Amino acid sequence: MSVGLALRSGVAILVFIFQGAIAPGHAQSSSPASPEIVEIERRGRGTTVYFNAWAGDEAINRYIAWAAREINRRYGVTLVHVKVADIAEAVTRILAERAAGRLSEGSVDLLWLNGENFAALRNANLLYGPWVDRVPNARLIDTLGNPTTIRDFTLPTDGYELAWGSARFTLFYDSAAVLDPPRDPKSLLAWIWAHPGRFTYPRPPNFLGTSFIEQLLLLLVPDPGRVQHPVGSDFAAVTRPLWAWLDAAQPAMWRRGRLFPPSGPAQRELLGVGELDWTMAFNPLEGSRAIAQHELPDTVRGTSFSGGALANSHFLAIPANARNPDGAMVVANFLLSAEAQVRKADVSVWGDPTVLDITVLSESDRRLFGEQSAASDQGPGGVLSEPHPSWSAELEREWIARYGVR
Amino acid sequence: MKPVALALVFAFAGIPVLAGVGVTLVEAANPVAWKALLQYPGIGRTVAVSAWTGCVATIVALGLAHLTVGLAAAAARAERLRTLILPLIALPHLALAIGLVLVLSPSGLILRLLSPWATGFHLPPDWQTVQDPWGLSLILGLIVKETPFLVLMLLGARAQFPVDRLMLQSRSLGYGPMKAWWVSVAPLLQRRIRLPLTAVFVFAVTNVEMAIPLGPAMPPPLGVVVWQWFTASRLELRAQAFAGSVLLLVVALGALAAAWGGTCLARLVLRAYAESGHRELRAERPFRVLALLVGVPFTFAISAMAALALRAVSAMWRFPALVGDHLELRLVAQLAPSLKMALGSTVTLACSTAIAAIALVTLINESLIDDVRWRTRIGVLLFAPLLLPQLAFLFGLQSLLVRLGLDGTWVAVGWEHTLFELPYVWGLLAAARKQLDSRLILTARTLGAGGLRSWRAVTLPLLLRPTLLAGAVAFGVSAALYLPTLFAGGGRVMTVATEATSAASSGNLRLAAAYGAAQAFAPLIALLFATLIGRAAFSGRQGVPR
């Protein structure tokens, strides 16, 4: 058996050397191979990677399961999707392991995160890296066109996390019920009062709910530049218009604002059964995907505020105490390949927009994306960048203090 | 034999619980954390909601359980009742809770059945029928889940008393059957179920699994709040979470003290009722009406299962259609690979831990057969994981496992599962063993069989049915365990319970329904197997204890 294994890895090395040899001929190939990644892939072969990722959406779970099969077939790495209800669970586990003095052999090899959770781990110095430069496919990322791929909620990623997908806050409505969709906070408030009980948002600190109030904050503050810097003693003054809006909307919302759905998928379910006319997601293609999979009525449409949609990226990171950083990098490299990114962006699979710069891809890879971009809905309006992560925590605290007890 | 058995029990069941509580107390000794805890918005309401829902649910469930057993005894239906409730006991908490959400919510099964023909609703009304601020939906869920368990415990206690003779005596004194039951039999049984009743009560006050989907959310019950702190990504919340679990322990103890006061009061009332001398021959009718109430938990449990199935096969469950337009098994088919894996680890864990629990209980049972005092002590010790709020020792135990490098291993998960199965296995097997006619074993010994041989030839076959049943119940307990699996497993050991809860807590009801159905299905199969094997082994024999 070990002979077979050695033989197989030997063949694999030959294959990689061969690929490496032809790579220079295709300088802009979608899967550039460097000597270093070959070495990493060699070390990763036969190992297991525990990938901690939010598992609330079956479309995403299926995508990860597909990636796991491909990665196992191509690189001999076993990818285990550790399903968490909130990535904070995994962050807590990493923190607890450090508190218990476990500096290596941690239980998490790779995790899917952004914003607050990245800031928490980065500030506690609990991330492995910088490693992004060691992953060849990271060079295909569109860092110029999409700066959120290297600035996570204003914090520079510094090579400690790798952008996996890009997101844009999008509202979805049932066009059979919402004939003239409001595109700014004021007209949304008017719509809510005209249709009591048909609008709500996920309960903060759920990340989507927090994003919704951040999106409102960015549209309502007189000086949006202020929230790009850490929160300060002017928190109350800056956020006053936000609370005024929420106070005004509260009584006309679903369950009169006495209950909020726990998450995005929960709100999508409420739209599906007919309790609501609106849902929201960080993925502009979420509506198309849900319609394609018969989860939402085909009258559902996406929209965003005319003042601009909150945009960010979501990332992959490796904890400092990971048992298998090599395997994790093999997985990350595959997830950033054109092939994996095309499939991720497919609305019949997941519908999460790519972070790659399509212009630097090889001809054949570009063609894959070309077919898709016709179907993707870019949505109107500009893009707003996320506030500094310190705002999320403060907004969540204040939200719970104001609305958490009804 | 005896010292070995005792040492095993302490090492296996005593130490982890004690150590877990110890670590929790140490970690909670942090004034800053307590200050933050007491300043948390709505902490008073949170505590009140926990105590209120737990108390009401336990009182109602206990009343219903007594009524059920009393009526069944009056109608000589006790055995049939037992067969009827076992599947309900095997139903995991979470699956039931999700099912109830799908029944009770404004877009749920009940209003769908009535709409639009009776209600005129084409859209679900904006009613807060689940997660209501009074916790009524949570109370209903707890009643549905706990009544069958208490019925089983009462039936077990019933077998230990000459119930028929007591009833006959009371009847010959002229009392109506229901009064005879309440005055002469019920108090005896009540005394016997104190331990499981306390476990039910503590669970009702402190649970997380049923409170997440069904309980109030603004603010949630204390158990849920503590659980959220434990899983939040901010380190400073950890100490606060440990302080919260100590508060949870205090709330549970306070509720128990109140319950003790309540029982004293109930005793006075019952005595006055007994001493009034009224024969109550005509009081039958109100009880017949009450008999309808007995059906409530059963009806809700069955509709919850139906709703789970309907939701799992409907891609979109548009109100008021009973079944979605796109009726499909696609989700189930797509889930097949991960379901297969989750079911595989669930079955492996449940079978191996059930065997371990049965082996340990059998060892204690045989070596302590005559030692009544130690038997009682062991019973309390084994019940400890159920008598304490799970959150009060699981996280302490967890930080211990991390320090020992044992977290994320199957051994740790298996250990914690066995810990939670032991009280059930002990409850069922110890009672069955005590009821065995000791003259049978004596006869075997007089015929020259040694200790081991008489055990193998007489005790074992006689205990086969209760053992199989205990195994099936242990299987069900293991399949339902969420918190211990998640923590000891470091997220790596994925069972149907962890999958269902992660789907439910991220709010994906359809996914949760699919996993919930699988979670409910597995223990039912185990129970069916246990029953069939038991029947096959003893077909055509009379008087073998069931």
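Residues numbered from 1 in each chain as written. Chains lettered and ligands numbered in written order. Predicted model: local features only at pLDDT ≥ 70, side-chain atom pairs only at ≥ 80, totals over all residues. Heavy atoms only, no water.

## Comments concerning the overall build of chain A
Here's step 1: The helix and strand tally for chain A stands at 14 helices and eleven strands.
Here's step 2: Going through the 406 residues of chain A one by one, you find that 60% of them count as buried.
Here's step 3: A separation of at least 24 residues holds for 82% of the contacts in chain A among residues at least 6 apart in sequence.
Here's step 4: Surface exposure of chain A reaches about 15,300 Å², of which carbon and sulfur atoms provide 57%. (Helix = DSSP H or I, 4+ residues; strand = E, 2+ residues; numbered from the N terminus. Buried < 20%, exposed > 50% of the residue type's maximum accessible area, 1.4 Å probe, protein only. Contact = heavy atoms within 4.5 Å. Areas by Shrake-Rupley, 256 points an atom, 1.4 Å probe, with all protein chains shown as cover.)

## Describing the overall build of chain B
Here's step 1: For chain B, the count of helices and strands is 23 helices and zero strands.
Here's step 2: If one aligns the C-alpha atoms of chain B with their principal axes, the spans along those axes are about 70 × 60 × 50 Å.
Here's step 3: Burial analysis of chain B (546 residues in total) assigns 57% to the buried set.
Here's step 4: Look at the contacts in chain B between residues 6 or more apart in sequence, and 81% of them connect residues 24 or more apart.
Here's step 5: Accessible surface computed for chain B: about 22,900 Å², of which carbon and sulfur atoms make up 69%.

## What about helix α10 (residues 194–206) of chain B?
Here's step 1: Look at α10(B): 18 Å from first C-alpha to last across 13 residues, which is about the 18 Å you get at 1.5 Å a residue.
Here's step 2: B:Pro196, B:Leu197, B:Ala199, B:Val200, B:Phe201, B:Val202, B:Phe203, B:Ala204, B:Val205 and B:Thr206 are the residues of α10(B) that are buried. (Expected span 1.5 Å × (residues − 1).)

## Some details on the packing of aromatic side chains
Here's step 1: According to the stated counting rule, one finds 34 aromatic pairs over all chains in the structure shown.
Here's step 2: Where A:Phe212 meets A:Trp245, the ring centres are 6.4 Å apart and the plane angle is 70°; that geometry is what we call edge-to-face. Here A:Trp245 lies in helix α8 (residues 235–249) and A:Phe212 lies in helix α7 (residues 207–220), a separation of 33 residues in the sequence.
Here's step 3: A:Phe212 gets classed as buried once you look at its relative accessible area, which sits at 0%.
Here's step 4: With centroids separated by 5.7 Å and ring planes inclined at 65°, the aromatic side chains of B:Phe149 and B:Tyr424 adopt a geometry described as edge-to-face. A residue pair is termed long-range when its members are at least 10 positions apart, and B:Phe149 in helix α7 (residues 136–158) and B:Tyr424 in helix α18 (residues 410–435) qualify at 275 residues.
Here's step 5: Judged by relative accessible area, B:Phe149 falls into the buried class, the value being 10%.
Here's step 6: The exposure class of B:Tyr424 is partly exposed, given its relative accessible area of 22%.
Here's step 7: One Lys or Arg, A:Arg122, reaches over the ring of A:Tyr160 and ends 3.8 Å from the middle of that ring. (Phe/Tyr/Trp six-rings, centres within 6.5 Å; stacked < 30°, edge-to-face > 60°. Lys NZ or Arg CZ within 6 Å of the ring centre and 35° of its normal.)

## Some remarks on the interface of chain B and chain A
Here's step 1: Each partner contributes to the interface: chain B provides 58 residues, whereas chain A provides 68 residues.
Here's step 2: Around 4,800 Å² of area is buried between chain B and chain A when both sides are counted, 52% of it from carbon and sulfur atoms.
Here's step 3: Looking at the side of chain B facing chain A, the largest losses of area belong to B:Met218, B:Ser233 and B:Arg492, adding up to 16% of the total buried there.
Here's step 4: Between chain B and chain A we count five salt bridges in total.
Here's step 5: Across the salt bridge formed by B:Arg311 and A:Glu269, the nearest N and O atoms sit 2.8 Å from each other.
Here's step 6: Inspection of the chain B/chain A interface yields 14 residue pairs in polar contact (both at pLDDT 80 or more).
Here's step 7: For the side of chain B that touches chain A, the elements supplying multiple residues, two or more each, are α12 (222–231), α15 (330–367), α17 (390–404), α22 (496–505) and α23 (509–537) of chain B. (Buried area = accessible area lost by both parts, 1.4 Å probe. Salt bridge = Lys/Arg side-chain N within 4 Å of Asp/Glu carboxyl O. Polar contact = N/O pair within 3.5 Å; in protein donor to acceptor, adjacent residues only side chain to side chain.)

## Quick notes on the environment of B:Val411
All names here are of chain B.
Here's step 1: Secondary-structure assignment places Val 411 in helix α18.
Here's step 2: Judged by relative accessible area, Val 411 falls into the exposed class, the value being 59%.
Here's step 3: In sequence terms Val 411 and Trp 317 are 94 residues apart; their C-alpha atoms lie 41 Å from each other.

## A word on the domain arrangement of chain A
Residues and elements named next belong to chain A.
Here's step 1: Its domain assignment divides chain A into domain 1 (35–167 + 312–367) and domain 2 (170–311 + 379–404).
Here's step 2: With centres defined by C-alpha atoms, the gap from domain 1 to domain 2 works out at 27 Å.
Here's step 3: In this assembly, 21 residues from domain 1 lie in contact with 21 residues from domain 2.
Here's step 4: Buried area between domain 1 and domain 2, summed over both chains or domains, comes out near 1,700 Å², and the portion from carbon and sulfur atoms is 58%.
Here's step 5: Across the domain 1-domain 2 interface, the total number found is one salt bridge.
Here's step 6: The partner of Arg 268 in a salt bridge is Asp 57, with the nearest N and O atoms 2.9 Å apart.
Here's step 7: Here domain 1 and domain 2 share five residue pairs in polar contact (both at pLDDT 80 or more) between them.
Here's step 8: When residues of the side of domain 1 that touches domain 2 are traced back to their parent elements, those giving at least two are α3 (58–75) and α5 (115–123).
Here's step 9: Looking at the side of domain 1 that touches domain 2, its residues break down into eleven nonpolar, six polar and four charged. (Domains from an automatic or database assignment. Nonpolar A, V, L, I, M, F, W, Y, C, P; charged D, E, K, R; others polar.)

## Some points on the pattern of salt bridges
Residues and elements named next belong to chain A.
Here's step 1: Within the structure shown, the criterion is met by 31 salt bridges over all chains.
Here's step 2: A salt bridge links Arg 323 to Glu 105, with the nearest nitrogen and oxygen atoms 3.4 Å apart. Taken together, the positions of Arg 323 in the loop between β10 (309–317) and α11 (325–335) and Glu 105 in the loop between α4 (88–99) and β3 (110–113) put the pair 218 residues apart, joining distant regions of the chain.
Here's step 3: Assessed through its relative accessible area of 42%, Arg 323 is described here as partly exposed.
Here's step 4: Since its relative accessible area comes to 44%, Glu 105 is described here as partly exposed.

## What to know about the sheet that holds strand β9 (residues 300–303) of chain A
Whenever strands of a sheet pair, they do so through backbone hydrogen bonds, lying parallel or antiparallel.
Residues and elements named next belong to chain A.
Here's step 1: Across the sheet, three strands lie side by side as β8-β7-β9; this open sheet has antiparallel pairing. Each of the sheet's edge strands pairs with one partner strand only, and the pair in question is β8 (278–281) and β9. Adjacent strand axes in the sheet meet at a mean angle of 30° when their direction is disregarded. (Pairing = 2+ DSSP bridges. Axes fitted to C-alpha atoms, helices over the stretch in contact; angles between N-to-C directions.)

## Observations concerning the confidence of the model for chain A
One rule of thumb: low pLDDT means the predicted coordinates there are not for detailed reading.
Residue and element names in this part refer to chain A.
Here's step 1: Overall, the prediction assigns chain A a mean pLDDT of 87, with 89% of residues at 70 or greater.
Here's step 2: Mean pLDDT across the elements of chain A ranges from a minimum in helix α1 (residues 2–22), with 42, to a maximum in helix α6 (residues 185–194), with 97.
Here's step 3: Predicted confidence for residues 373–379 stays below pLDDT 50, and this span has five contacts to residues more than four positions away or in other chains. (pLDDT = per-residue confidence, 0-100.)

## Here we look at a positive patch on the surface
Residues and elements named next belong to chain B.
Here's step 1: A cluster of basic residues, Arg 191, Arg 194, Arg 267 and Arg 271, forms a positive patch at the surface.
Here's step 2: Position of Arg 194 relative to the elements: it lies in helix α10.
Here's step 3: Classification of Arg 194 as exposed rests on a relative accessible area of 54%. (Patch = residues over 30% accessible without salt bridge, like charges linked within 9 Å, V, L, I, M, F, W, Y side chains within 5 Å. Lys, Arg positive; Asp, Glu negative; His and termini not counted. Charge placed at Lys NZ, Arg CZ, Asp CG, Glu CD.)

## Here's the deal with a nonpolar patch on the surface
Residue and element names in this part refer to chain B.
Here's step 1: A cluster of nonpolar side chains, namely Ile 110, Leu 113, Leu 114, Trp 117, Leu 322, Val 323 and Leu 327, defines an oily patch on the protein surface of about 660 Å² accessible area.
Here's step 2: By the element assignment, Leu 114 lies in helix α6 (residues 109–114).
Here's step 3: Of the residues examined, Leu 114 reaches a relative accessible area of 34% and is grouped as partly exposed.

## Side note on the pairing of strand β2 (residues 78–84) of chain A
A regular strand carries its side chains on alternate faces of the sheet.
Residues and elements named next belong to chain A.
Here's step 1: Along β2, six of the seven residues are buried, which leaves the element largely enclosed by surrounding structure.
Here's step 2: In this structure, strand β1 (residues 48–54) lies alongside β2, joined through seven bridges in parallel fashion. Looking at the pairing, Val 49 lines up with Leu 79 of β2.
Here's step 3: Tracing the backbone out of β1, into α3 and back to the parallel element β2 gives a crossover that is right-handed. (Right-handed = clockwise from strand over helix to strand, strands pointing away.)

## Quick look at the pairing of β10(A)
All names here are of chain A.
Here's step 1: Burial of β10 is extensive: nine of the nine residues sit out of reach of the surface.
Here's step 2: Where burial is concerned, the two faces of β10 agree: the one with Ala 309, Ala 311, Ser 313, Phe 315 and Ala 317 and the one with Leu 310, Asn 312, His 314 and Leu 316 are both buried.
Here's step 3: Where β3 meets β10, three bridges bridge the pair, whose relative direction is antiparallel. Each residue of the ladder has a partner; that of Trp 112, found in β10, is Leu 316.
Here's step 4: Bridge analysis of strand β6 (residues 161–168) against β10 gives seven bridges, and the strand direction is antiparallel. Opposite Ala 167, over in β10, you have Asn 312 as the bridge partner.
Here's step 5: Pairing between β10 and strand β11 (residues 383–385): three bridges, direction parallel. What sits directly across from Ala 311, in β11, is Ser 385.

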